[in-house]
There are 6 protein chains.
Amino acid sequence: MRRVVCPGSFDPVTNGHLDIIGRAALLYDEVIVVVGANQAKLGLFTVDERVAMLREAAGGIANVRVGTFRGLLVDYCREQGVSAIVKGLRAVSDFEYEMEMAQMNYRLAGLETLFMTANPQYSFLRASRVKEIATYGGDVSSLVPESVLGRLQDRLASP
Amino acid sequence: MRRVVCPGSFDPVTNGHLDIIGRAALLYDEVIVVVGANQAKLGLFTVDERVAMLREAAGGIANVRVGTFRGLLVDYCREQGVSAIVKGLRAVSDFEYEMEMAQMNYRLAGLETLFMTANPQYSFLRASRVKEIATYGGDVSSLVPESVLGRLQDRLASP
Amino acid sequence: MRRVVCPGSFDPVTNGHLDIIGRAALLYDEVIVVVGANQAKLGLFTVDERVAMLREAAGGIANVRVGTFRGLLVDYCREQGVSAIVKGLRAVSDFEYEMEMAQMNYRLAGLETLFMTANPQYSFLRASRVKEIATYGGDVSSLVPESVLGRLQDRLASP
Amino acid sequence: MRRVVCPGSFDPVTNGHLDIIGRAALLYDEVIVVVGANQAKLGLFTVDERVAMLREAAGGIANVRVGTFRGLLVDYCREQGVSAIVKGLRAVSDFEYEMEMAQMNYRLAGLETLFMTANPQYSFLRASRVKEIATYGGDVSSLVPESVLGRLQDRLASP
Amino acid sequence: MRRVVCPGSFDPVTNGHLDIIGRAALLYDEVIVVVGANQAKLGLFTVDERVAMLREAAGGIANVRVGTFRGLLVDYCREQGVSAIVKGLRAVSDFEYEMEMAQMNYRLAGLETLFMTANPQYSFLRASRVKEIATYGGDVSSLVPESVLGRLQDRLASP
Amino acid sequence: MRRVVCPGSFDPVTNGHLDIIGRAALLYDEVIVVVGANQAKLGLFTVDERVAMLREAAGGIANVRVGTFRGLLVDYCREQGVSAIVKGLRAVSDFEYEMEMAQMNYRLAGLETLFMTANPQYSFLRASRVKEIATYGGDVSSLVPESVLGRLQDRLASP
């Protein structure tokens, strides 16, 4: 059985993330989408909210489940019997950072990282930018799933 | 009539910015230099000070005017009848970030971005670096216009 | 009047080129698409064929015309009263090469280059790749205009 | 069953290639290493020689087999029931080229590409450089497998 | 006499830093390793602790000495009679930032910067990542010298 | 005594090369500028002509001498008692290629490479571009030394 993780902060999940998750689910037996909880307090949404949005958006895919981790990702992967990390790459600057992380995870625990390229139509999509646009009233309905859209408006509307 | 905007934080304007503004003014009928005011509190200078320094430095060019915006740049451009954003590019790392912004602005509102390359003699010039050098007593007189030089010394001298 | 050139080898024109040409035509009074003829013998199509394909594909846009040049682009632009070069950028590696060309053209003749970002859906599209795919029977009908599709099949079918 | 391909020109296979092949073999049920034969005449070794060297070097891994393809890789993958392409990435410049190829293959046939990062100790290793060093008598014994070393010396010694 | 500086924040020194320092010591008559103290309060270790760790790790090399500087590096170098700055480069993103700094230092004071490439086995090693791994109990014993290992555990264990 | 080499094809030497050579001569006891002769037949100028142009342009610097090498640069450096290779870097794409070469040379022979950043005013200058511009009658008098200018005109004028 080939089980992989898709780690991220998912604050919140975007259509770009969902594209990678859906494509990974076709390639592996099981995909665990994991929200990193080490620095969760810094986000717009709590870890529980992020998990809830991910479950609403991706939970319908049979071999996808959603979780969280604290500490080192390599430790989580060992416990869960995970073969590899799967990450989407959008840009060259992503790539260098991720290549370093991948080499470090391989050095620490022999854990492999497999990179998929972002769908070009989402190549300019970052969660941070979605939040910035939504903050100033821009229309992000084509950039995030419905589960996120409502919560984003609620959160940004509250004082 | 071809009206473009040159957006930025301009905290403060440098000779590299002025080079781009001057060259853009030769290519378009009107250039609006706009100071983004969304996160203005984080800067060394207030938005008003930045506008004042820009006006002193670039106000002498007939078809350049200086303004500010809050919210989304695409909304500001629609209100002002702007055809395109003009940005200077200095480096590859600039380029990726700016390409993503450009694609997002096009997606949000069909707004185009046109990139000009920095004059090589200013390719290493960033406002943040100018402030750092000035903080420690370095000579930045060839890097910023006179309107900035005095204010920079005043600001950094004050306790 | 703002007249710009879109230079290239266009061997053959792709949908990515056409996207840039069409968007440039909205931003400037006149767009001259010019096929560089210095090394024309190295291509799959003759310069005349390339011009013909461009005319069929882009000739319907009122303010676009198609030409050729030999020698230095800066000389051609001076003769034609051109304000600036317009180029599409797809990737970081494009950018460095093009930035150098732009700085050289500015140094040689004060000629500006304005860069537009490729539409993300064409970010992976290069004429050389289209030819390679077509050579091995791949379907390129969504990558090039109809004017090209037929000629490409004829050329690659001939012994 | 998860079957992937590792495509390349392998002219000749290096220790960097073997590292990726071996790691891929741990992650998938079957790995087909395929030598692209479209431009085989341009290489130092014939396609048959490249296959022979690969078989000697990687044939001992139970779930690795070696083949060749002509035409489009996406067609080959469809015929062979392949789920995905696996490629090693060494550097940023690799990445942009490969990202474009990956997006094109996805567009043409829905075929995914999964990237693994090169082992840092092989990050500077290219087959072209190995050949250049060997041509001038440099010691490449730590850069290629034994199956390659002898053939490389024979080939470069012959007039 | 050729005296160079290796500047950095060294919070803490890693095996990657030590590799560069040791190689620089073979190429120059004297190497001064200098800890930048401008923003020292932001680090995990005090400037004095960083200096102590560097001295324990690199002090055994005859022509290496360790110091600190406040203010502009170009001023420090002038005072110390330093010919050039020596920096290790690991990645493309490092390179752009460092190239800008180098060009600025040359402009400010005619001070040269010489770049060495990181040993590939340390290409993914950053002090910030070491601290993150250690925070969550990962094993960093192969990434930092012994002088750092103990202090890192003490610091992260304290409440 | 610190002796370094500045290797290149120098077909022909440009003002960018001369800038690096002159700055290197201030940092080291002796600088040997070496023309690589492995693929000399492919150039516009013969190796002897390139050496002659270099001697005319840089021969006036007391601690610079000009030579040629065939075979591996690491072998040449060992024979000449050279401590390190010195190279100028203009751009990110240069950097990746050069970093790989540097790591290979270190692996092969423990030979170090030191990189200097190009003077920004020459950042867009490549010998290949100079030749292209000169071929079409462009003015390159500010891009190459006088020793090159005459020969370039002669060579390109001859049938």
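Numbering of residues starts from 1 in every chain and runs along the sequence as written. Whichever chain is written first becomes A and whichever ligand is written first becomes 1, with later ones labelled in order. Residues qualify for local features only when their pLDDT is at least 70, as the model is predicted, and side-chain atom pairs are given and counted only at 80 or more; totals for whole chains, interfaces and linings, by contrast, use all residues. Computation of side-chain values: all heavy atoms of the structure, hydrogens and water removed.

1. Describing the relation of the copies chain D and chain A
When the copies are superposed, the least-squares fit takes in the C-alpha atoms of residues with a pLDDT of at least 70 in both. Laying chain D over chain A is done by rotating through 180° and shifting 0.0 Å along the axis; what remains is an RMSD of 0.0 Å. Each copy turns onto its partner about a two-fold axis. In terms of C-alpha distance to the rotation axis, chain D has Phe-115 of chain D as its closest residue, with the C-alpha 2.4 Å off the axis.

2. Let's talk about the environment of Gly-67 of chain B
Residues and elements named next belong to chain B. By the criteria applied, helices consist of DSSP H or I runs no shorter than four residues and strands consist of E runs no shorter than two, each listed in order from the N terminus. Relative to the helices and strands, Gly-67 resides in strand 3 (residues 64–69). Exposure classes here rest on a 1.4 Å probe applied to the protein chains alone. A residue is buried below 20% of its type maximum, exposed above 50%, and partly exposed in between. Among the residues examined, Gly-67 registers a relative accessible area of 15% and is labelled buried. Taking C-alpha positions, Gly-67 is 26 Å from Ala-134, a pair spaced 67 residues apart along the chain.

3. Regarding the arrangement of the chains
Here chain B and chain D are not in contact; the least distance found between their C-alpha atoms is 12 Å. At the level of C-alpha atoms, the two units chain A and chain F stay apart, their nearest approach being 12 Å. In what follows, a contact means two residues having at least one pair of non-hydrogen atoms within 4.5 Å.

4. A closer look at the interface of chain D and chain A
Accessible area lost upon the coming together of the parts serves often as the stated size of an interface. Counting residues at the interface gives 26 residues for chain D and 26 residues for chain A. Buried area between chain D and chain A, both sides added, is near 2,300 Å², and the carbon and sulfur share of it is 62%. Two parts lose some accessible area (1.4 Å probe) when they are put together, and adding that loss for both gives the buried area. Of all residues in chain D, Arg-2, Leu-27 and Thr-117 of chain D give up the largest surface area on contact with chain A, accounting jointly for 26% of the area buried on that side. Within this document, salt bridges are pairs made up of a side-chain nitrogen of Lys or Arg and a carboxyl oxygen of Asp or Glu, the two lying within 4 Å of each other. There are four salt bridges connecting chain D and chain A. Notably, a salt bridge pairs Arg-2 of chain A with Asp-29 of chain D, separated by 2.8 Å at the nearest N-O pair. Side-chain atoms alone can form a polar contact between residues adjacent in sequence; in general such a contact is a pair of N or O atoms within 3.5 Å, and within protein one must be able to donate a hydrogen while the other accepts it. Summed over the shared surface of chain D and chain A, the result is 14 residue pairs in polar contact (both at pLDDT 80 or more). Within the residue set of the side of chain D that touches chain A, elements represented by two or more residues are helix 1 (15–27), strand 4 (84–89), helix 4 (92–109) and strand 5 (112–117) of chain D. Considering every element that reaches the side of chain D that touches chain A, the biggest residue donor is helix 4 of chain D, with seven residues. In the scheme used here, Gly and all other residues not listed as nonpolar or charged are polar, with Ala, Val, Leu, Ile, Met, Phe, Trp, Tyr, Cys and Pro taken as nonpolar and Asp, Glu, Lys and Arg as charged. Class assignment of the residues belonging to the side of chain D that touches chain A gives a composition of 16 nonpolar, four polar and six charged.

5. Regarding the packing of helix 4 (residues 92–109) of chain A against helix 4 of chain D
Working convention: axes come from line fits to C-alpha atoms, limited for helices to the stretch in contact. Angles between N-to-C directions cover 0 to 180 degrees. Packing of helix 4 of chain A against helix 4 of chain D leaves a shortest axis separation of 10 Å and a crossing angle of 125°. What the angle tells us is that helix 4 of chain A and helix 4 of chain D run oblique. Handedness of the crossing formed by helix 4 of chain A with helix 4 of chain D: right-handed. Packed against helix 4 of chain A, whose contacting residues are Val-92, Phe-95 and Glu-96 of chain A, the element helix 4 of chain D presents Val-92, Phe-95 and Glu-96 of chain D at the interface. What sets the label is the angle itself: under 35 degrees gives roughly parallel, over 145 gives roughly antiparallel, 65 to 115 gives roughly perpendicular, and the rest give oblique. Helix crossings get a hand from a simple test, with the near helix turned counterclockwise from the far one by less than a right angle marking a left-handed crossing and a clockwise turn marking a right-handed one.

6. Examining the interface of chain D and chain E
Contacts between chain D and chain E engage five residues on the former and five residues on the latter. Of the roughly 260 Å² buried where chain D meets chain E, counting both sides, 86% is carbon and sulfur surface. Among the residues of chain D in contact with chain E, Val-92, Pro-120 and Phe-124 of chain D are the three that bury the most area, contributing 87% of the side total. Inspection of the region where chain D meets chain E yields zero salt bridges. Linking chain D to chain E there are zero residue pairs in polar contact (both at pLDDT 80 or more).

7. Comments concerning unusual backbone geometry
A cis amide bond, omega 0°, links Asp-11 of chain B with the succeeding residue Pro-12 of chain B. Position of Pro-12 of chain B among the secondary structure elements: in the loop between strand 1 (3–8) and helix 1 (15–27). We note that Phe-10 of chain C has phi near 50°; this positive angle belongs to a residue other than glycine. Counting through the fold element by element, Phe-10 of chain C comes out in the loop between strand 1 (3–8) and helix 1 (15–27).

8. Quick look at the state of the cysteines
Residue and element names in this part refer to chain B. The disulfide definition used here is simple: a pair of cysteine sulfur atoms within 2.5 Å. Scanning all chains against the criterion turns up zero disulfides over all chains. Free of any disulfide, Cys-6 has its nearest neighbouring cysteine sulfur in Cys-77, separated by 11 Å. For Cys-6, a relative accessible area of 3% corresponds to the buried category.

9. Overview of empty space enclosed by the protein
Using a grid of 1 Å spacing that covers the protein atoms alone, one calls a set of points a cavity when a 1.4 Å probe fits there but cannot get out, and a pocket when the set is open and has protein on both sides within 12 Å along at least five of seven lines; lining residues are those with an atom within 4 Å of a point. Grid points are joined across faces, edges and corners, and a volume is the space filled by probe spheres set on the points. This model, assessed by the stated rule, comprises eight cavities of 30 Å³ or more. Its volume calculated, the largest cavity comes out at about 280 Å³. Around the largest cavity, the lining comprises 23 residues; the ones closest to its centre are Met-99 of chain A, Arg-90 of chain D, Arg-90 and Ser-123 of chain E together with Met-99 of chain F. Contributing elements (two or more residues each) for the lining of the largest cavity: helix 4 of chain A together with helix 4 (92–109) of chain F. Class assignment for the residues of the lining of the largest cavity results in 12 nonpolar, five polar and six charged.

10. Remarks on the side chain of Arg-23 of chain C
With respect to the secondary-structure elements, Arg-23 of chain C resides in helix 1. In terms of polar contacts, Arg-23 of chain C uses its side chain to reach the side chain of Glu-112 of chain B, at 2.7 Å. In contact with Arg-23 of chain C, other than residues within four places in its own chain, are Tyr-106 and Glu-112 of chain B together with Met-116, Thr-117, Ala-118 and Asn-119 of chain C.

11. Points about the packing of aromatic side chains
Each Phe, Tyr or Trp ring (for Trp, its six-membered ring) is paired with any other whose centre lies within 6.5 Å, and the angle between the two planes then decides the class: stacked below 30 degrees, edge-to-face above 60, tilted in between. The final tally for this structure, using the stated rule, is 12 aromatic pairs over all chains. Look at Tyr-28 of chain B and Tyr-28 of chain C: their rings are 6.4 Å apart centre to centre, the planes differ by 35°, and that puts the pair in the tilted class. Separated into two different chains, Tyr-28 of chain B in the loop between helix 1 and strand 2 (30–36) and Tyr-28 of chain C in the loop between helix 1 and strand 2 (30–36) make up a pair that spans both. For the pair formed by Tyr-28 of chain B and Tyr-28 of chain C, the shared burial category is buried. The rule is short: NZ of Lys or CZ of Arg within 6 Å of the ring centre and within 35 degrees of the ring normal puts a charge over the ring. Here the guanidinium or amino end of Arg-23 of chain A rests over the ring plane of Tyr-106 of chain D, the centre of that ring lying 4.8 Å away.

12. Digging into helix 5 (residues 127–135) of chain D
For helix 5 of chain D, every residue scored as buried is listed here: Ala-127, Arg-129, Val-130, Lys-131, Ile-133 and Ala-134 of chain D. In the core, the buried residues of helix 5 of chain D are packed alongside helix 6 (146–157) of chain D together with helix 4 of chain F. At the exit of helix 5 of chain D stands Gly-137 of chain D, carrying a positive phi of roughly 80°.

13. Notes on the pattern of salt bridges
This model, assessed by the stated rule, comprises 90 salt bridges over all chains. Put simply, Arg-23 of chain E and Glu-112 of chain F hold a salt bridge, and the shortest N to O gap is 2.7 Å. Taken as a pair, Arg-23 of chain E in helix 1 (residues 15–27) and Glu-112 of chain F in strand 5 (residues 112–117) lie in two separate chains rather than in one. With a relative accessible area of 6%, Glu-112 of chain F lands in the buried category. The network of salt bridges with shared partners includes Arg-90, Asp-94, Arg-126 and Arg-129 of chain A together with Glu-100 of chain B.

14. Digging into the confidence of the model for chain A
In regions of low pLDDT, the predicted coordinates are not meant to be interpreted in detail. What pLDDT expresses is the predictor's confidence in each residue, scored from 0 to 100. Averaged over all residues, the pLDDT of chain A equals 93, while 98% of them reach at least 70. Interface scoring of the predicted complex returns ipTM 0.93; its pTM is 0.94.

15. Points about the pairing of strand 4 (residues 84–89) of chain C
All names here are of chain C. For strand 4, a buried count of five out of six residues is recorded, marking the element as mostly surrounded by other parts of the structure. If DSSP finds at least two bridges between two strands, the strands pair. Here strand 1 pairs with strand 4 via two bridges, running parallel. Residue pairing in the sheet places Val-4 in a bridge with Ala-84 of strand 4. Here strand 4 pairs with strand 5 (residues 112–117) via six bridges, running parallel. Within strand 5, the position partnered with Leu-89 by the bridge is Thr-117. Of the crossover connections in this fold, the one passing from strand 4 over helix 4 (residues 92–109) to the parallel strand 5 is right-handed. With strands facing away from the observer, any crossover in which the path from the first strand over the helix to the second runs clockwise is taken as right-handed.

16. A closer look at helix 4 (residues 92–109) of chain E
Residue and element names in this part refer to chain E. Multiplying 1.5 Å by the residue count of a helix minus one yields the expected span of that helix. Here helix 4 contains 18 residues, and its C-alpha end-to-end distance of 26 Å stays within 8% of the 26 Å for a straight helix at 1.5 Å per residue. Regarding helix 4, the residues found buried are Val-92, Asp-94, Phe-95, Glu-96, Glu-98, Met-99, Glu-100, Ala-102, Gln-103, Met-104 and Asn-105. Once helix 4 finishes, Gly-110 follows within two positions and takes phi at roughly 65°, a positive value.

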